[in-house]
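# Chains, contacts and geometry: an overview
This is what each chain is made of:
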Amino acid sequence: MAASSVTSKGSLRTALLLLAPGLIVLLGAFLIPMLYIFLQSVQDEHQQFTLKNYLLFVQDPYYIGVLWRTIRVSLYTVIVALVLAYPVAMFMARTSGRLRGIVTFLIISPHLISVVIRNFGWVVILGEKGWINTTLMQLGLIDKPLRLLYNELGVVIGLTDSFVVYMVLSIATSLYAIDSSLYKAAGILGASRMRSFFTITLPLSLPGMIAGITLVFSLSMSAFVTPALMGGTSVKVLPVIAYEKIMATLNWPLGAALSFLLLASTYALVALFTKIIETKRYKEVFSS
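Residues numbered from 1 in each chain as written. Predicted model: local features only at pLDDT ≥ 70, side-chain atom pairs only at ≥ 80, totals over all residues. Heavy atoms only, no water.

## Thoughts on the pattern of salt bridges
Test applied: Salt bridges are identified by distance alone: a Lys or Arg side-chain nitrogen within 4 Å of an Asp or Glu carboxyl oxygen. Going along the chain from the N terminus, every DSSP run of H or I of four or more residues is numbered as a helix, and every run of E of two or more is numbered as a strand. For each residue, the accessible area found with a 1.4 Å probe, counting protein chains only, is set against the maximum for its type, and the residue is called buried under 20%, exposed over 50%, and partly exposed in between.
The final tally for this structure, using the stated rule, is three salt bridges. Note that glutamate 152 is salt-bridged to arginine 72, the shortest N-O span being 2.5 Å. Here arginine 72 lies in helix α3 (residues 61-94) and glutamate 152 lies in helix α7 (residues 152-176), a separation of 80 residues in the sequence. Look at glutamate 152 and you get partly exposed, because its relative accessible area is 21%. Assessed through its relative accessible area of 18%, arginine 72 is described here as buried. One salt bridge connects lysine 236 with glutamate 244, and the closest N-O pair in it is separated by 2.4 Å. Residue lysine 236 is classed as buried on the basis of its relative accessible area, which comes to 17%.

As structure tokens, this is what we get:
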């Protein structure tokens, strides 16, 4: 028993030593700054405790509208990313290893470029004199340029371009794990391709879809650069408002409160969505 106790203590000490560098970085780069920002959010200009910044958010319809716009844009981004990503993920799962590697590289390669440069590329494409409007006008399909920028449509396009890769890789990972013999058995039993998709592919890819939806939604809720560049002053989302309060008006307490409300809203929505999915029809998928 004594030898076993010594071995257990030694293993625990080794585990703590291995975790120490990561815990130190997490503590210094995340937890301490978050605690500092939270303390800022519950102080007034005289550094006295107050909840007025949080109450202002609840009482002012403007901030409620900004939060709803942030959620709406994020949901649109999730839907578009899911529709675009699923066929690509299915192609990757059914193709050979070399071609799969090429497709994966093509999906990831745009992210080797700064998001700012990619957004400015979209500005060139979607602007009033951009490629899309110029082409449509030359073909006589429109009389005046379409407004594709500085609105929610432009922000959704930019966010989808930035985050669709997470949806593709998440879904593809689930599709890779599906046993091909399931499709053979379904075919022997007379199931069509459509029936096989809804009874095999879709349920078994659900964990990957949930992971992709969670990632894309969380990243879209907290995105700052894309809404600022492609939304302009017309599409104010909560990260942009929080940045303006801190950097433009130097109202650190209100900006900090908005940041924490954004974090809490994102966590609550993701937790609610995951709970609903896991307790309904596909509960057995997650428990397996």
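## Topic: the packing of helix α5 (residues 115-126) against α7
Filter applied, for reference: Only the contacting stretch of a helix is used when fitting its axis, a line to C-alpha atoms as for every element, and angles between N-to-C directions run 0 to 180 degrees. Orientation is classified from the angle alone, with under 35 degrees giving roughly parallel, over 145 giving roughly antiparallel, 65 to 115 giving roughly perpendicular, and any other angle giving oblique. The crossing is said to be left-handed when, going from far helix to near helix, the turn is anticlockwise and less than a right angle, and right-handed when the turn is clockwise. Any two residues whose heavy atoms approach within 4.5 Å at even a single point are treated as in contact. Throughout, the ten residues Ala, Val, Leu, Ile, Met, Phe, Trp, Tyr, Cys and Pro are labelled nonpolar, Asp, Glu, Lys and Arg are labelled charged, and all others, Gly among them, are labelled polar.
Closest axis-to-axis distance for the α5/α7 pair is 10 Å, and the angle between their directions is 135°. As judged from the angle between their axes, α5 and α7 are oblique. The two elements α5 and α7 meet at a crossing, and its hand is right-handed. On α7, the residues touching Val115, Arg118, Asn119, Trp122 and Leu126 of α5 are Ile157, Gly158, Asp161 and Ser162. The residue inventory of the contact of α5 with α7, partitioned by class, reads four nonpolar, three polar and two charged.

## What about the confidence of the model for the chain?
How we decide: Per-residue confidence from the predictor is reported as pLDDT, which spans 0 to 100.
Confidence in the prediction for the chain averages 87 pLDDT; 93% of positions are at 70 or higher. Mean pLDDT per element in the chain: helix α14 (residues 283-287) is the minimum at 55, and α3 is the maximum at 95.

## Some remarks on the packing of aromatic side chains
When we look at a pair of aromatic rings, we describe it by the centre distance and by the angle of the planes. To be explicit about the condition: Aromatic rings from Phe, Tyr and Trp, with only the six-membered ring used for Trp, were paired whenever their centres fell within 6.5 Å, and each pair was classed as stacked if the ring planes differed by under 30 degrees, edge-to-face if by over 60, and tilted otherwise.
Scanning all chains against the criterion turns up seven aromatic pairs. Between the aromatic rings of phenylalanine 38 and phenylalanine 260, the centroid separation amounts to 5.3 Å while the plane-to-plane angle is 65°, which identifies the pairing as edge-to-face. Of the two residues, phenylalanine 38 is situated in helix α1 (residues 2-41) and phenylalanine 260 in helix α13 (residues 252-278); the sequence distance between them amounts to 222 residues. The exposure class assigned to phenylalanine 260 is buried, which follows from its relative accessible area of 16%.

## Quick word on unusual backbone geometry
Within the chain, tyrosine 150 stands out as a residue other than glycine whose phi angle is a positive 55°. Residue placement: tyrosine 150 occurs in the loop between α6 (131-138) and α7. Positive phi outside glycine occurs at leucine 250, with the angle close to 60°. As for its position among the elements, leucine 250 is in the loop between α12 (238-248) and α13.

## Considerations on the side chain of glutamine 40
Note that glutamine 40 resides in helix α1. Classification of glutamine 40 by relative accessible area gives buried; the value is 17%. Contact partners of glutamine 40, with chain neighbours within four places excluded, come to Trp252, Pro253 and Ala256.

## Looking at α13
Rules: Each helix should span, by expectation, one fewer than its residue count multiplied by 1.5 Å. In protein, a polar contact requires one atom able to donate a hydrogen and another able to accept it; more generally it is a pair of N or O atoms within 3.5 Å, and residues adjacent in sequence count only if both atoms are side-chain atoms.
Between its terminal C-alpha atoms α13 stretches 39 Å, which fits the 39 Å expected from 27 residues at 1.5 Å a residue. For α13, the N-terminal capping position is held by asparagine 251, with its side-chain oxygen 3.3 Å away from the main-chain nitrogen of leucine 254.

## Describing helix α9 (residues 193-204)
The terminal C-alpha atoms of α9 lie 15 Å apart, and with twelve residues this matches the ideal 16 Å at 1.5 Å per residue to within 8%. Every buried residue belonging to α9 is among Ser196, Ile200, Thr201 and Pro203, and all of these are buried.

## A look at the nonpolar core
Going by this rule: Only buried residues count toward a nonpolar core. Its members are Ala, Val, Leu, Ile, Met, Phe, Trp, Tyr and Cys residues joined through side-chain atoms within 4.5 Å.
Counting residues in hydrophobic clusters, the biggest one holds 52 residues, and the most contacted among them are Phe57, Met167, Ile171, Leu175, Leu238 and Leu258. When residues of this core are traced back to their parent elements, those giving at least two are α2 (52-59), α3, α4 (97-108), α7, α10 (206-222), α12 and α13. Considering each element in turn, this core owes the most residues, twelve residues, to α3. What methionine 167 contacts, discounting residues up to four positions off in sequence, is Val78, Ala81, Leu82, Ala85, Met209, Gly212, Ile213 and Val216.

## Regarding the packing of α10 against α13
Running from amino to carboxyl end, α10 crosses α13 at an angle of 165°, the nearest separation of the two axes being 10 Å. By the angle class used here, α10 and α13 are roughly antiparallel. Of the two possible hands of crossing, α10 and α13 adopt the one that is right-handed. Contacts from Leu206, Ile210, Ile213, Thr214, Phe217, Ser218, Met221 and Ser222 of α10 reach α13 at Leu262, Thr266, Leu269, Val270, Phe273, Thr274 and Ile277. Classifying every residue of the contact of α10 with α13 by side-chain character gives ten nonpolar, five polar and no charged.

## Here's the deal with the environment of arginine 100
Relative to the assigned elements, arginine 100 resides in helix α4. By relative accessible area, which is 25% here, arginine 100 ends up partly exposed. Taking the C-alpha atoms as reference, arginine 100 lies 9.7 Å from alanine 89; in sequence the two are eleven residues apart. Beyond its immediate stretch of four places on either side in the chain, arginine 100 contacts Met92, Ala93, Thr95 and Tyr176. A polar side-chain atom of arginine 100 sits 3.4 Å from the main-chain carbonyl oxygen of alanine 93.

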